[in-house]
2 protein chains.
Amino acid sequence: MLDDRKLDVLRAIVQDFVSTNEPVGSKALVERHHLGVSPATVRNDMAALEEEGYIAQPHTSAGRVPTDKGYRLFVDRLSTVKPLSSAERRAIEQFLDGALDLDDVVSRTVRLLAQLTRHVAVVQYPILDRSSVRHLELIKLSDTRLMLVLITDTGRVEQRQVDLPGLIDERTVSDLRARLNQRIAGRPIHDVPNDLADLAEAEPPATRGNASAVVAVLLASLVERREERVVVGGASNLTRLALDFPDSVHPVLEALEEQVVLIRLLGEASRPTEVTVRIGDEHPYEGLRSTSMVSATYGSGSRALASLGVLGPMRMDYPGTMAAVGAVARYVGRILAES
Amino acid sequence: MLDDRKLDVLRAIVQDFVSTNEPVGSKALVERHHLGVSPATVRNDMAALEEEGYIAQPHTSAGRVPTDKGYRLFVDRLSTVKPLSSAERRAIEQFLDGALDLDDVVSRTVRLLAQLTRHVAVVQYPILDRSSVRHLELIKLSDTRLMLVLITDTGRVEQRQVDLPGLIDERTVSDLRARLNQRIAGRPIHDVPNDLADLAEAEPPATRGNASAVVAVLLASLVERREERVVVGGASNLTRLALDFPDSVHPVLEALEEQVVLIRLLGEASRPTEVTVRIGDEHPYEGLRSTSMVSATYGSGSRALASLGVLGPMRMDYPGTMAAVGAVARYVGRILAES
DNA sequence: CACTGGCACTCGGGCTAAAGGAGTGCCAGA
DNA sequence: TCTGGCACTCCTTTAGCCCGAGTGCCAGTG
C-alpha cells in the first residue's frame, strides 16, 4: 500500500512542516528534497497518504500537514536517532556534575532539559516505593516528641514529627533507633511495613506505646507520599510557540499544574533509558491533545526509579528531542547511582 | 487640585475598568455610579485627572483607562480593605491545617493563594539566615563518609554528604555530634559560623581533620543555599487573562522562571503581615511592566521569615487580593510558629 | 463660579468586496 | 507509471466604507 517513495514523501512533509510550520505543497517538496519525480507524482502520493490518514489539508487549496497518525509513523519508522552534538554532551555534564543533593539534581535536570530541548521539562522524583532505606534517624525534640528523618539510597529525605503517648529519654531513643535501623536499613521501602509489623510487640511493655507510635507515623508517611512529586520548568517555552496551540496554551498550562495528570503521563513509560513518545490524541488527558510528550525512565543500574521528559507541540523535532531526553535520563541515572 | 469628586471619579473608573476591562466613558460612569452630576462635568474632571497623569485614553474617542499612577493612588488612598468572606476564611484553615511538613506547608500555600486570588502565586521558603538550628544530625554512611542533616526551627531540612580525610568510628561520630549540637542547637543560623570558628582547633589531633571537614561542608551549605528557594503556582491564571497582557504573557512567564527576579521582588517587602503592592512600571524588571504584585511578609511572632504574594495583571481587584494575601501570610506565620 | 446641554469632530472596529495566489485534482499523453 | 497542463477552489490580504462611542468646547443657566 505504502511503497518506499510514499514514505519518503511523508518523511519530507514532516520535516518541512516541523521547520516551517506551514502546510507543505507538492511543488515546495520536490524543490527542497531530491525525490527525483515531478510535483504531479508527489501529488498522487499525497492523495494516497491522505487516504490512509497520515496527512491532512487544513482546507481545500492548502498544502498538507501531518496528522497524529503521521507523526506516529514518522517516529516509529521514519526517523533516525540524531546524535547529540558535543556541545550538548558537554552541557549535560557541566550542568549536572556539581549537584549537591537530590533536590539540586532534580532542579538542575529540569532546567537542563528545558534549555536543551526548548520545551517544557517535567522531572519526577525517584519513586519512594522503588528506593531502599539508607537510614532512619530519630531526634528527640522534647520529652514527648520525636522527629523522624528517613533517608533513602536515592537521596530522598522525608521528615515527620511524632507526638508520643508517654515520656521518653535519650537512652530509649537511641535503643529504638538502633533496633529500627537494624531491621530496615538497606531494605526496599516496599518491604518496610512487613519488616516492622511485629516490632512493637517485641518491645518491652514500658516502651511499647512509644515504639508503636513511631512505627505508625513512619508507615503513614510512606503511604502519604505515595502521591509522588513532579517538578516542571521552562513553561515559557509554551508561549514562545503559542501558534502551535490552536486552542491557546491555557489547557496545557492547566494540565501542567495537575500533578496527578503529569504523574500518570510519566508513569506509563517503559524500561529504563528507553525513550517513549506520546503524540496528540494518544494522550489520555483532553487538554494535551495538541501536544506531544517525549519521556524516558531513569534508574540506577537496572532499577527504574522514575521518569522525566518534555512536553511540546506536536510539531517538534522528534529525533533531536528524543536524543536529548534519553541522554539526560541516562546521565541522571548514573549520578544517582554514584551518590 | 484634586477635590473629592475627582477622586470619586478616579475610584469609579478603576472599579469599572477592573470589572469590565473596557475603557470607561463619562456617560457609563454617571449611569453606574451615583455621582450626582452630569456626564459633561465628569468629562471636565476626567480631563483634569488625565492632565495629572492618573488616567489615559488608548486613543482619541475612547474612554479612559487608569494609568500605573492612577492605580497607585487608588491603592494608597481610595480603596478600603475588603474583609474576607467566611467561606474564604474557612478555605484557608482547611487548606493549611493538615500540612505535614514544611514542603507541604509551602506547596499547599501556593495552591491556596492561586485558588483564592485566581492569580499566579509565589511563595518563598523561610530564609535560612533568619532561622535557628534545631538539630544537626551526623549519619555514618561508611568509614570515610558522613551525611549531615541540618534541621531548622522553621522545619527546613538541609542535607549534605562529607568525604572525610580519615577513618571514623561510630563513637567519634556521636561525640562530634554532641559537641556540635551543644554549640549550635538553638542558635540563629546567622551566628553558626562564629560559633564553630574554633571548634576544630579544640578537637584532639586524632579527629581534628575529620571535624574540620565536617565544619567546612556545613558552613559551605549555609552559604550555598543563600540563594533562597521560591515556589510558583497557578501560572495558568496568566493565560486565562491573556488579554490583559498586551505584549503577550511570554515575558511574564519568563520572569516567573527566574528565581533571582522573584526573590528580589519578594525580598523588598516590608514588616511582617504588612501587605505591599507593586504596580506596573514600579517593577525593577522589564518583563513585569504590565503586572502588579501583591505581597506580604510572613513570620512567627515578630520575626520575619520570608515573603509570599501573587502576581497578576495591573487590572486586578486590589482590595480583595490584598485581603487574601494578608490573611494567608498571617495564617502561615501562625502555623510555622506552632510546629 | 460651577455645572449643564448641545454639537461638531475624531478615530477605531467591523463589515463587505475585490484581487491575488498557492495548491489541488484530474486528464490526456509519453 | 510518470508527467505537463489546466481549470478550479478557497484562503488571505487589502482597500474602502460606515457606524458609533466618546470627546472637547462653548454658550447658557442657577
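For the structure itself, consult the block above.
Residues numbered from 1 in each chain as written. Chains lettered and ligands numbered in written order. Predicted model: local features only at pLDDT ≥ 70, side-chain atom pairs only at ≥ 80, totals over all residues.

1. Thoughts on unusual backbone geometry
Part 1: Despite not being glycine, Asn21 of chain A has its phi angle at roughly 60 degrees, a positive value.
Part 2: A positive phi angle, near 65 degrees, is found at Ser61 of chain B, a position not held by glycine.
Part 3: Mapped onto the elements of the fold, Ser61 of chain B is located in the loop between β1 (55–56) and β2 (65–66). (Helix = DSSP H or I, 4+ residues; strand = E, 2+ residues; numbered from the N terminus.)

2. Topic: the protein's contact with DNA strand D
Part 1: Around DNA strand D, a shell composed of 20 residues is seen, among which Val37, Thr41, Thr60 and Ser61 of chain A together with Gly25 of chain B lie nearest.
Part 2: Those elements that provide at least two residues to the surface near DNA strand D are α3 (39–51) of chain A together with α2 (26–32) and α3 (39–52) of chain B.
Part 3: Take the surface near DNA strand D: its biggest share by element is four residues, from α3 of chain B.
Part 4: Each residue belonging to the surface near DNA strand D can be placed in one class, and the counts come to seven nonpolar, ten polar and three charged. (Near = placed C-beta within 6 Å. Nonpolar A, V, L, I, M, F, W, Y, C, P; charged D, E, K, R; others polar.)

3. So, the relation of the copies chain A and chain B
What connects the two chain copies is a rotation about an axis and a shift along it.
Part 1: The two copies are related by a screw operation: chain A maps onto chain B through 180 degrees of rotation and 0.0 Å of translation along the axis, at an RMSD of 0.1 Å. In short, the pair behaves as if placed about a two-fold rotation axis. (Least-squares fit on C-alpha atoms with pLDDT ≥ 70 in both.)

4. A word on the sheet that holds strand β3 (residues 120–124) of chain B
Residues and elements named next belong to chain B.
Part 1: Ordered by their spatial adjacency, five strands build an open sheet running β7-β3-β10-β9-β8, and the pairing between neighbours is antiparallel. Of all strands in the sheet, those bounded by a partner on one side alone are β7 (230–233) and β8 (275–279). Neighbour to neighbour, the strand axes of the sheet diverge by 20 degrees on average, direction disregarded.
Part 2: In the sheet, strand β9 (residues 291–300) pairs with strand β10 (residues 303–313) via ten bridges, with the strands oriented antiparallel. When the bridges of β10 are listed, Ser292 appears paired with Gly312. (Pairing = 2+ DSSP bridges. Axes fitted to C-alpha atoms, helices over the stretch in contact; angles between N-to-C directions.)

5. As for the sheet that holds strand β4 (residues 133–142) of chain B
All names here are of chain B.
Part 1: Spatially, three strands are ordered β4-β5-β6 in an open sheet, and the strand pairing comes out antiparallel. Across the chains shown, the open sheet's two edge strands, defined by having one partner strand only, are β4 and β6 (157–163). Pairs of neighbouring strands in the sheet enclose a mean axial angle of 20 degrees, with direction left out of account.
Part 2: Bridge analysis of β4 against strand β5 (residues 145–152) gives eight bridges, and the strand direction is antiparallel. In the strand pairing of β5, Lys140 is matched with Leu146.

6. Some remarks on the packing of helix α6 (residues 102–117) of chain B against helix α14 (residues 318–338) of chain B
Residue and element names in this part refer to chain B.
Part 1: Relative to each other, α6 and α14 sit at 165 degrees, their axes nearing to 10 Å. Judged by the angle between their axes, α6 and α14 are roughly antiparallel. In this structure, α6 crosses over α14, and the sense of that crossing is right-handed. In this structure, α6 uses Val105, Thr109, Leu112, Leu113, Leu116 and Thr117 to contact α14, whose residues at the interface are Thr321, Ala324, Val328, Val332, Ile335 and Leu336.
Part 2: Residues belonging to the contact of α6 with α14 are distributed by class as follows: nine nonpolar, three polar and no charged. (Parallel < 35°, antiparallel > 145°, perpendicular 65-115°, else oblique. Left-handed = near helix turned anticlockwise from the far one by under 90°. Contact = placed C-beta atoms within 7 Å.)

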